[in-house]
Amino acid sequence: MTRIGLIEDNIDYRDNLAFFLRREGFEIVFESDGHEIDHTLAQHPCDLILLDLGLPDEDGLSIARRLRKEHPALGIVMLTARGSLGDRLAGLNEGADAYLVKPVDMLELAATLTAVQRRLTVTAPLAEAWVLLVDTLTIRSPAGEVISLTVTETELLKTLASAAPKLVSRDQLSVAMGRTAYDEQHRWVEVTFSRLRKKIETGTASEAPIRAARGQGYVFAAPIRVVVH
């Protein structure tokens, strides 16, 4: 099920959108007026963002620009009253995967969301994916570099890969490694991932795929396959 975050400051319109999209089979994981959106998204990872531009605290274009940089796998669909050609081009240039103008036909909206999600989930060519080789305790970058891992690092990457491109919380990572999900374990998670990220960044020319959401958890933000023989 496609998980959607709604960012719209008109509460009545937002409620109508949420009602329709749930009826169409989408999962609405959060509804926001744009306030503290980074924290909200870290708490409620989603596949797509439905984003208004005229928000009270921060312009939607600025939000889109930041989200595209920090969450490259996230789908962004802009739904706004700004309908000029210049507005459309600005939205697409700032990272939107689709741009719709209010009032929008709800069936067109649902079809657009489905099309964007389908396009984002097309399997990447194997040459462009990271490959986690569990039996040999290694990970191979898209460029072909092979990096050796410890057993712990391999298990942590398996956990991230199974959830990618969604965020995995520090509690979930602690539990996956057989540790209790308490604050004293979070330091262990952070130290381990700091070492792992440094190893991958040093060992490959490819862009480092592990991203951290401060105080929340980690995400593997690139295509990855797990191979177990």
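Below is a summary of the structure that appears in this document. (Residues numbered from 1 in each chain as written. Predicted model: local features only at pLDDT ≥ 70, side-chain atom pairs only at ≥ 80, totals over all residues. Heavy atoms only, no water.)

### Quick notes on the overall build of the protein
- Each helix and strand in the protein was counted, giving eight helices and 12 strands.
- Here the C-alpha atoms of the protein give a radius of gyration of 19 Å, agreeing with the 17 Å that 2.2 N^0.38 yields for 229 residues.
- Across its three principal directions, the C-alpha atoms of the protein cover 55 × 40 × 30 Å.
- Across the 229 residues in the protein, those meeting the buried criterion constitute 45%.
- For the protein, the accessible area works out to roughly 11600 Å², and carbon and sulfur atoms hold 51% of it.
- Within the protein, the 32 negative side-chain charges are centred at a point lying 6 Å from the centre of the 26 positive side-chain charges. (Helix = DSSP H or I, 4+ residues; strand = E, 2+ residues; numbered from the N terminus. Rg over C-alpha atoms; globule rule 2.2 N^0.38 Å. Buried < 20%, exposed > 50% of the residue type's maximum accessible area, 1.4 Å probe, protein only. Areas by Shrake-Rupley, 256 points an atom, 1.4 Å probe, with all protein chains shown as cover. Lys, Arg positive; Asp, Glu negative; His and termini not counted. Charge placed at Lys NZ, Arg CZ, Asp CG, Glu CD.)

### As for unusual backbone geometry
- A cis amide bond links Lys102 with the next residue in sequence, Pro103, at an omega value of -5°.
- If you check the backbone angles, Glu36 has positive phi at about 50° while not being a glycine.
- With respect to the secondary-structure elements, Glu36 resides in the loop between strand 2 (27–32) and helix 2 (37–43).
- In the Ramachandran plot, Leu137 falls in the positive-phi region, its phi being about 55° despite a non-glycine side chain.
- A relative accessible area of 29% means that Leu137 is categorised as partly exposed.

### Description of the pattern of salt bridges
- Using the criterion set out here, one finds 14 salt bridges in the structure.
- One salt-bridge network, held together by shared partners, links Glu8, Asp52 and Lys102. (Salt bridge = Lys/Arg side-chain N within 4 Å of Asp/Glu carboxyl O.)

### Comments concerning the sheet that holds strand 9 (residues 168–169)
- The three strands are arranged 9-11-10 in an open sheet whose pairing can be described as antiparallel. Across the chains shown, the open sheet's two edge strands, defined by having one partner strand only, are strand 9 and strand 10 (210–213).
- Judged from the four bridges that link them, strand 10 and strand 11 (residues 217–220) form a sheet pairing that is antiparallel. Along strand 11, the bridge assignment pairs Ala212 with Tyr218.
- Relative to strand 11, helix 6 (residues 151–163) is tilted by about 70°, and along the sheet it contacts strand 9, strand 10 and strand 11. (Pairing = 2+ DSSP bridges. Contact = heavy atoms within 4.5 Å. Axes fitted to C-alpha atoms, helices over the stretch in contact; angles between N-to-C directions.)

### Examining the side chain of Thr159
- Summarising the element assignment, Thr159 is placed in helix 6.
- The contact partners of Thr159, leaving out residues within four places of it in the chain, are Val168, Leu173 and Ala176.

### Here we look at the side chain of Thr154
- Checked against the element boundaries, Thr154 lands in helix 6.
- Here Thr150 takes part through its backbone oxygen, which lies 2.9 Å from a polar atom of the side chain of Thr154.
- In contact with Thr154, not counting residues within four places along its chain, are Leu132, Val134, Leu137 and Leu149. (Polar contact = N/O pair within 3.5 Å; in protein donor to acceptor, adjacent residues only side chain to side chain.)

### Here's the deal with the pairing of strand 6 (residues 130–133)
- Of the two faces of strand 6, the one carrying Trp130 and Leu132 and the one carrying Val131 and Leu133 are both buried.
- Taken together, the four bridges between strand 6 and strand 12 (residues 224–227) define a ladder with parallel strand orientation. Within strand 12, the position partnered with Val131 by the bridge is Arg225.
- Pairing of strand 6 with strand 7 (residues 138–140), which is carried by three bridges, proceeds in the antiparallel orientation. Counterpart to Leu132 in the pairing with strand 7 is Ile139.
- Hairpin geometry of strand 6 and strand 7 is characterised by an intervening segment of four residues between the two adjacent antiparallel strands and by a positive phi of about 55° at Leu137.

### With respect to the environment of Ala212
- Within the secondary structure layout, Ala212 lies in strand 10.
- Considering only alpha carbons, one finds Ala212 and Phe193, 19 residues apart in sequence, at a separation of 9.0 Å.

### Observations regarding the sheet that holds strand 1 (residues 3–7)
- In spatial order, the strands read 2-1-3-4-5; together these five strands make up an open sheet with parallel pairing. With one partner strand each, in any of the chains shown, strand 2 and strand 5 (98–101) form the two edges of the open sheet. Between one strand axis and the next, the sheet turns through 20° on average, direction left out of account.
- In terms of strand pairing, strand 3 (residues 48–51) meets strand 4 (residues 75–80) through four bridges, oriented parallel. The partner of Leu51 across the bridge, within strand 4, is Met78.
- Its contacts with the sheet place helix 3 (residues 60–70) against strand 3 and strand 4, and it is angled at close to 175° to strand 4.

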